[in-house]
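One letter stands for each residue in the lines below.
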Amino acid sequence: MCGSLASADNLDAESTGRELFIGWKQNYLSIYGEHLPGKSIEIHYLEAYCRADSTAADWTGHTVVPHQTELVEATPDRKKIRLRCQVSDGVVVEHRIIAGKDEVDFQLVAQNPTEKRSEVHWAQPCIRIGKFSGTGPDDTDDKYAYVQRSFLFIDGKRAMMPTPVWATEARYTPGQVWCPKQVPRTDVNPRPLNPQVPSNGLIGCYSADRKMVFGVAFEPYQELFQGVIRCLHSDFRLGGLKPGETRNIRGKIYLVATDVPRLLKRYEADFPEHVE
């Protein structure tokens, strides 16, 4: 599920060359690069921590577990950020986010220090790709123009959206959810659930001039999601941590030259668990 769009913080320092830089303020993570279409990508980080049994449930009344995120560290070179999320059921999630030359790396550690099982099964980083894809509010009034520049992988092949099989009915519409085979189909976003199972956890889109491609993946992941505010998701999975349990989660955002086969090979090297 996606909420209303809020503006991310704009840093004053100028990016140079083709490097990526990051900043975080008021629950928004921003990726900056002078070479990026639109100069930046904003991410609602994090939009929500979520309960299971969510596919047909009320979003605010059932699914969302309240949380607060605080900034622990931001290095002066704008290359590294550490965040801490305190979830209302007691779970603590530490985030280490590092900007590279053409990727942003996410390393998360989720811990349940309580004596009861956590309610949280998954969480949503909501990545706004309107500016990158040339379909932002300043480009078009069509909120879903970006869909035709977005893709995932079905039956081992790149599938452009909207895919030939496209769900239209759910508790909330529009949007599109793809659930991997290892996740119960009752435990994903209450948007239209596509009957096809994604081949892997990579979802992405092309820039307006098709010279660059964006991709995102997390391990473990709960779902892939085409949202309702010019956004794409690879939502990561926590799975309901047991008392005292710790779980490591990792993710990547890729911002590279348009060569999807090369991106796919790189993704498969980074996430060998997703390769069958």
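As a reminder, the structure under discussion sits directly above these lines.
For clarity, every value in this text was computed on a predicted model and none was experimentally measured.

**Focus: the pattern of salt bridges**
If you walk through the whole model with that rule in mind, you get 15 salt bridges. Note that R51 and E119 form a salt bridge whose closest N and O atoms lie 2.9 Å from each other. Of the two residues, R51 is situated in strand 3 (residues 40-51) and E119 in the loop between strand 8 (103-111) and strand 9 (120-128); the sequence distance between them amounts to 68 residues. For E119, a relative accessible area of 36% puts it in the partly exposed group. Between R250 and E273 there is a salt bridge; the shortest N-O distance is 2.7 Å. Note that R250 is positioned in strand 17 (residues 246-257) and E273 in the segment after helix 3 (260-270), a separation of 23 residues in sequence. A relative accessible area of 24% means that R250 is categorised as partly exposed. One network of salt bridges, in which partners are shared, links D102, E103, D105, K252 and R266.

**So, the nonpolar core**
Ranked by internal contacts, the top residues of the largest apolar core, which has 51 residues, are I31, Y45, Y49, F214, I253 and L255. Here this core gets 5 residues from one element, more than from any other, and that element is strand 3. Setting aside anything within four residues of it in sequence, one finds I31 in contact with L20, F21, I22, L36, K39, S40, I41, I43, V104, I253 and L255. Counting 13 residues, the second largest nonpolar core, distinct from the first, contains F153, A217, Y254 and F271.

The rules behind each value
- All residue numbers refer to position in the chain's written sequence, counted from 1.
- Confidence filtering applies because this is a predicted model: local features only for residues at pLDDT of at least 70, side-chain atom pairs given and counted only at 80 or more, and all residues used for totals across whole chains, interfaces and linings.
- Working from all heavy atoms in the structure, the side-chain values ignore hydrogens and water.
- Within this document, salt bridges are pairs made up of a side-chain nitrogen of Lys or Arg and a carboxyl oxygen of Asp or Glu, the two lying within 4 Å of each other.
- For the purposes of this entry, the term helix denotes a DSSP run of H or I that reaches at least four residues, the term strand denotes a run of E that reaches at least two, and both are numbered from the N terminus.
- Burial here depends on accessible area, computed with a 1.4 Å probe over protein chains only, as a share of the maximum for the residue type. Under 20% is buried, over 50% is exposed, and the range in between is partly exposed.
- We define a nonpolar core as any set of buried Ala, Val, Leu, Ile, Met, Phe, Trp, Tyr and Cys residues linked to one another through side-chain atoms lying within 4.5 Å.
- Throughout, a contact is declared for two residues whenever any of their heavy atoms are within 4.5 Å.

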